[in-house]
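Tertiary structure, described
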Amino acid sequence: MAAKTYTQETQEAFYNVRVGGPKEKRLRKVELMGEHQPKPIFYIKVVQDPDDQFLACSTLQAEFSRIGVVGDVYRPLSSETQRLLNFAFVGFYNEAHVDIAVKIFASKNVVDGKKVTVAAVQTWMLDLYPNRAPGHMHEGINYPSSLRI
């Protein structure tokens, strides 16, 4: 099961839509027809040694983009302490890329000189860590009101 998210192309296509304007009304009709469903994203969990300096989301995105198109990268924060946890989630649009990443990093377990462990993740795991650290892939994106759930 994959998490749902809107693609960058969808967000860019609906950029700068005036709330209550005619374009927003057309987009809402199209959305109700189901033509703009979010693409599913399949996640892996990248775990680091807690003593290492944490890898930036941009570094993870660059590394895993070699395997396939990356749709999401983020580091969760602890809900109690608001501190970074020692792992990150990387999401691919294709489930096969998850399997490839797990196989590649079973033997090549180093990213940017830091040891990592990679494993596939069920989507319910993402719900356990809803707080994202600053600097994640979708930070600063304003979703048009027609795409908000």
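Residues numbered from 1 in each chain as written. Predicted model: local features only at pLDDT ≥ 70, side-chain atom pairs only at ≥ 80, totals over all residues. Heavy atoms only, no water.

Here we come to the packing of aromatic side chains. Scanning the entire structure with this criterion turns up 6 aromatic pairs. Where Phe64 meets Phe92, the ring centres are 6.3 Å apart and the plane angle is 75 degrees; that geometry is what we call edge-to-face. In this pair, Phe64 sits in helix H3 (residues 57–64) while Phe92 sits in strand E4 (residues 87–92), placing the two residues 28 residues apart along the sequence. Seen from their ring centres, Phe87 and Tyr129 are 5.1 Å apart, and the 75 degrees between their planes marks the pair as edge-to-face. Here Tyr129 lies in the segment after helix H5 (123–127) and Phe87 lies in strand E4, a separation of 42 residues in the sequence. Ring-pair connections join several aromatic residues into one group, and the members of that group are Tyr74, Phe87, Phe89 and Tyr129. (Phe/Tyr/Trp six-rings, centres within 6.5 Å; stacked < 30°, edge-to-face > 60°. Helix = DSSP H or I, 4+ residues; strand = E, 2+ residues; numbered from the N terminus.)

This brings us to the side chain of Lys45. Position of Lys45 among the secondary structure elements: in strand E2 (residues 39–48). Despite being buried, Lys45 has no salt bridge partner; Glu80 is the closest side chain of opposite charge, sitting 14 Å away. The residues touching Lys45, leaving out its near neighbours within four places in the chain, are Phe87, Ala88, Phe89, Thr117, Val118, Ala119, Val121 and Met125. (Buried < 20%, exposed > 50% of the residue type's maximum accessible area, 1.4 Å probe, protein only. Lys, Arg positive; Asp, Glu negative; His and termini not counted. Salt bridge = Lys/Arg side-chain N within 4 Å of Asp/Glu carboxyl O. Contact = heavy atoms within 4.5 Å.)

A few words on unusual backbone geometry. Of note in the backbone geometry, Gln82 takes a positive phi value of approximately 60 degrees without being a glycine. Counting through the fold element by element, Gln82 comes out in the loop between strand E3 (70–74) and E4. The partly exposed category is assigned to Gln82, whose relative accessible area is 45%. One non-glycine residue with positive phi stands out, namely Asp112, at about 55 degrees. Within the element layout of this structure, Asp112 appears in the loop between strand E5 (110–111) and strand E6 (114–121).

Going through the model one piece at a time under the given rule, you end up with 2 salt bridges. The partner of Glu63 in a salt bridge is Arg66, and the shortest N-O contact between them spans 3.3 Å. Since its relative accessible area comes to 11%, Glu63 is described here as buried. Of the residues examined, Arg66 reaches a relative accessible area of 65% and is grouped as exposed. Its salt-bridge partner being Glu63, residue Lys108 comes within 2.6 Å of it at the nearest N-O pair. Of the two residues, Lys108 is situated in the loop between helix H4 (95–107) and E5 and Glu63 in helix H3; the sequence distance between them amounts to 45 residues. Classification of Lys108 by relative accessible area gives partly exposed; the value is 37%. The network of salt bridges with shared partners includes Glu63, Arg66 and Lys108.

Among the residues making up H4, those that are buried are His97, Val98, Ala101 and Phe105. Considered in projection along H4, the buried side chains sweep an arc of 105 degrees and stay on one side of the axis. Exposed and facing more than 90 degrees away from the buried side of H4 are Lys103, Ala106 and Ser107. Where H4 is buried, its residues contact E2, H3, E4, E5 and E6. Two to three positions downstream of the cap, the backbone nitrogen of Ala96 sits 2.9 Å from a side-chain oxygen, assigning the N-cap of H4 to Asn94. (Arc of directions from axis to C-beta. Polar contact = N/O pair within 3.5 Å; in protein donor to acceptor, adjacent residues only side chain to side chain.)

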